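Take a look at the letters that make up each chain.
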Amino acid sequence: MPYPEQMVAPMRAELTEVGVQELRTPDEVDRYFARKEGTSLLLVNSVCGCAAGSARPALKAALEHDSRPDHAATVFAGQDLEATERAREMIGPVPPSSPSVALFRDGELVHFLPRHLIEGQSAEVIARELTAAFDEFCN
Amino acid sequence: MGTFHDTSDPLHGITVAVTMNDSVVVGRCHERDSEKVLLLDVDEHADDAGEMPRSEYLARAARFGVWAKHERLSIPAGEVLEIQPLSSYYTRPGEAAQPEIAGVSQSKPGTEDSAQAKSDAVTVEIATEVPGTVQSAVNLTAAAAQEVRRLIAAGENEGPGLRLGVAGGGCSGLTYKLEFSEPRDNDVVVAQDGFDVYLDPKSSIYLRDVTLDYQGGLGGKGFQFNNPNATNTCGCGESFAV
């Protein structure tokens with residue numbers, strides 16, 4: 001059952017205020033992934049403070065790195081259910097995980113950071129992981 | 001923003017692998033007490049299922065996650081042999097196990113260095129007795145303890161005790177921390193001859209069986225962590241996994 005919207009609104013804003021596109025519907029997900037050229041990032045957001053509480057600031061920091069994906073978007077697991085389900089189809093055979101970060105290049109999943117590699121880590125550590133992936137795939 | 005959990009258990013909310021005699025389960029740790037370990041979103045792997053060896057299952061789970069077969073699973077504490085964060089089984093493709101920590105060298109398990117370090121180690125038992133889990137312990141060699149006392153006597157430290165810990169470092173790995181410090185809330189404080197060792201509860205999980213050694217002199221390596229559980233490092237060379 002989704003949390004009250006007023007509780008999660010700041011968690012949405014934390015990403016959208018730095019330009020991360022929020023995908024609220026399956027159609028929005030489809031349109032985001034219809035663009036195959038270049039690099040695209042998807043963060044599966046979550047209310048879980050243990051992990052998403054660090055993942056969001058980590059992504060914000062990582063997006064200031066010199067190399068970064070051409071596009072960045074987010075879906076909110078547990079909140080925007082249909083959009084999240086559609087996004088997970090895009091991530092492919094990887095088990096559902098939230099929060100998680102998926103990086104695509106030319107439409108192909110090239111890097112995936114599941115929840116269990118985020119939880120318990122500081123935002124700084126997660127950002128380093130993301131920027132390492134950006135350096136590898138976004139140049 | 002966004003923390004909805006209310007618990008002091010360092011494994012709460014952490015995806016763990018629970019090892020039992022003939023199976024291993026992976027799930028998000030929700031609750032532990034003297035009777036049970038309660039996991040959420042749980043997958044299980046039975047050794048006799050014939051799918052793949054346990055080690056391969058854990059390696060795959062650590063890399064990609066698991067498909068949950070159960071929303072909740074309560075495991076009797078008496079059946080649990082060990083609980084470890086799933087991330088501790090993570091190995092980047094193509095990486096070998098050779099921990100090398102920034103600022104602190106580390107010998108490989110089984111080498112002469114680590115064998116010597118173990119031989120005169122003083123075991124410090126850490127009081128993290130959660131039923132069904134393996135008790136943590138960290139060791140200081142006599143040489144390490146002596147050097148700590150010397151540094152404290154030099155009087156240029158930030159606190160009266162030695163803090164050993166781990167922090168996130170590198171690509172999803174862990175980095176050792178070693179510093180002089182004041183005690184903090186919830187620290188495990190272990191009295192040594194002339195100083196205290198402080199460990200935060202979360203770090204103590206990863207410091208199980210780790211030995212801190214010291215090698216001085218011109219050819220010495222300084223403080224050195226020997227971790228028999230370390231399995232790999234990440235590409236940046238600053239972190240380890242256990």
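Along each chain, the written sequence defines residue order, and numbers are assigned to residues from 1. Each chain gets a letter, beginning with A, and each ligand a number, beginning with 1, in the order they are written. Local features in this predicted model are restricted to residues of pLDDT 70 or higher, and side-chain atom pairs are both shown and tallied only at a pLDDT of 80 or more, whereas totals for entire chains, interfaces and linings draw on every residue.

Novice: Account for the overall build of chain B, with residues named and values stated.
Specialist: For the purposes of this entry, the term helix denotes a DSSP run of H or I that reaches at least four residues, the term strand denotes a run of E that reaches at least two, and both are numbered from the N terminus. Counting secondary structure elements, chain B contains four helices and 15 strands. Across the 242 residues that make up chain B, the buried fraction comes to 44%. Counting contacts in chain B only where the partners sit at least 6 residues apart, residues at least 24 apart contribute 60% of the total. Exposure criterion: with C-beta atoms placed from backbone coordinates, a residue whose C-beta has 20 or more other C-beta atoms within 10 Å is buried, one with 12 or fewer is exposed, and one in between is partly exposed. Any pair of residues counts as being in contact when their C-beta atoms, constructed from backbone geometry, are within 7 Å of one another.

Novice: Report on the overall build of chain A, specifying residues and quantitative values.
Specialist: Scanning chain A for helices and strands turns up five helices and five strands. The N-to-C order of helical and strand elements in chain A reads α-β-α-β-α-β-α-β-β-α. Looking at chain A as a whole, 50% of its 139 residues qualify as buried. By sequence separation, contacts in chain A at least 24 residues apart represent 76% of the contacts at least 6 residues apart.

Novice: For the nonpolar core, give the residues involved together with the corresponding values.
Specialist: A set of buried residues drawn from Ala, Val, Leu, Ile, Met, Phe, Trp, Tyr and Cys, joined through C-beta atoms within 7 Å, is what defines a nonpolar core. One finds Leu43(A), Ala55(A), Val75(A), Val101(A), Leu130(A) and Val18(B) to be the most contacted residues of the largest nonpolar core, which totals 67 residues. Considering every element that reaches this core, the biggest residue donor is helix α5 (residues 123-137) of chain A, with seven residues.

Novice: Tell me about the environment of Ile126(A), residues and numbers included.
Specialist: Residue and element names in this part refer to chain A. In this structure, Ile 126 sits in helix α5. Separated by 67 residues in sequence, Ile 126 and Leu 59 place their C-alpha atoms 7.9 Å apart. Apart from the residues within four sequence positions on either side, Ile 126 is in contact with Ser 54, Ala 55, Ala 58, Ile 118 and Gln 121.

Novice: Kindly report on the sheet that holds strand β2 (residues 39-45) of chain A, identifying the contributing residues and their values.
Specialist: Residue and element names in this part refer to chain A. Spatially, the five strands line up as an open sheet ordered β1-β3-β2-β4-β5, and their pairing is mixed. Looking along the sheet, the strands with just one partner apiece sit at the ends: β1 (21-22) and β5 (108-113). A pair of strands is considered paired only if DSSP assigns at least 2 bridges between the two. Pairing of β2 with strand β4 (residues 100-105), which is carried by six bridges, proceeds in the antiparallel orientation. Its bridge partner being in β4, Leu 43 is matched across the sheet by Val 101. Helix axes are fitted only over the stretch in contact, all axes being lines through C-alpha atoms; the angle between N-to-C directions runs from 0 to 180 degrees. Its contacts with the sheet place helix α4 (residues 81-91) against β2, β3 (71-76), β4 and β5, and it is angled at close to 130° to β3.

Novice: With reference to specific residues and values, describe the pairing of strand β3 (residues 36-46) of chain B.
Specialist: As a general feature of sheets, a regular strand has side chains that alternate between the two faces. As defined by bridge partners, strand β2 (residues 23-32) of chain B adjoins β3(B) across eight bridges and the pair is classed as antiparallel. If you follow Cys29(B) over to β3(B), its bridge partner there is Leu39(B).

Novice: Could you give an account of the sheet that holds strand β5 (residues 82-85) of chain B, with specific residues and numbers?
Specialist: Backbone hydrogen bonds are what pair the strands of a sheet, in a parallel or an antiparallel way. Residue and element names in this part refer to chain B. In spatial order, the strands read β4-β3-β2-β1-β5; together these five strands make up an open sheet with antiparallel pairing. In this open sheet, the two edge strands, each paired with only one partner strand, are β4 (70-76) and β5. Each adjacent strand pair in this sheet contributes to an overall mean axis angle of 45°, direction not counted. Direction of pairing for β3 relative to β4: antiparallel, over a ladder of six bridges. Bridge assignment links Lys 36 to a residue of β4, and that residue is Pro 76.

Novice: Can you lay out the confidence of the model for chain B for me, pointing to particular residues and giving the numbers?
Specialist: All names here are of chain B. Averaged over all residues, the pLDDT of chain B equals 70, while 62% of them reach at least 70. Mean pLDDT across the secondary structure elements of chain B bottoms out at helix α2 (residues 112-119), with 37, and peaks at β4, with 95. pLDDT expresses how confident the predictor is about each individual residue, on a scale running from 0 to 100. Scored below 50 in pLDDT, residues 96-136 shows 97 contacts in the model against residues more than four places distant or in partner chains. Note on residues 169-173: pLDDT is under 50 here. Beyond four places in sequence and across chains, it has 28 contacts. Taken over the whole predicted complex, pTM reads 0.58, whereas the ipTM for its chain interfaces reads 0.79.

Novice: Any details on the environment of Val16(B)? Residues and values, ideally.
Specialist: Residues and elements named next belong to chain B. For Val 16, the position within the fold is in strand β1 (residues 15-19). Considering only alpha carbons, one finds Val 16 and Ile 83, 67 residues apart in sequence, at a separation of 6.5 Å. Discounting residues that sit within four places of it in the chain, Val 16 has contacts with Leu 11, Gly 27, Cys 29, Ile 83, Gln 84, Pro 85 and Leu 86.

Novice: Talk me through helix α1 (residues 54-64) of chain B; I want residue IDs and the actual numbers.
Specialist: All names here are of chain B. Taken together, the buried positions of α1 are occupied by Tyr 57, Leu 58, Ala 61 and Ala 62. Across the axial projection of α1, the buried residues extend over an arc of 130°, all falling on one side. Relative to its buried face, α1 has exposed residues pointing more than 90 degrees away, namely Ser 55 and Glu 56. In this structure, the buried residues of α1 make contact with β1, β2 and β3. Directly beyond the C-terminal end of α1, a positive phi value near 95° is found at Gly 65. This arc describes the spread of directions from the helix axis toward the C-beta atoms.

Novice: Let's hear about unusual backbone geometry: which residues, and what values?
Specialist: Geometrically, the link from Ser98(A) to Pro99(A) is a cis peptide bond, its omega value of 0° lying close to zero. Mapping Pro99(A) onto the fold places it in the loop between α4 and β4. Phi is positive for Asp41(B), close to 50°, though the residue is something other than glycine. By the element assignment, Asp41(B) lies in strand β3. Accessibility expressed as a C-beta count within 10 Å gives 22 for Asp41(B), which makes it buried.

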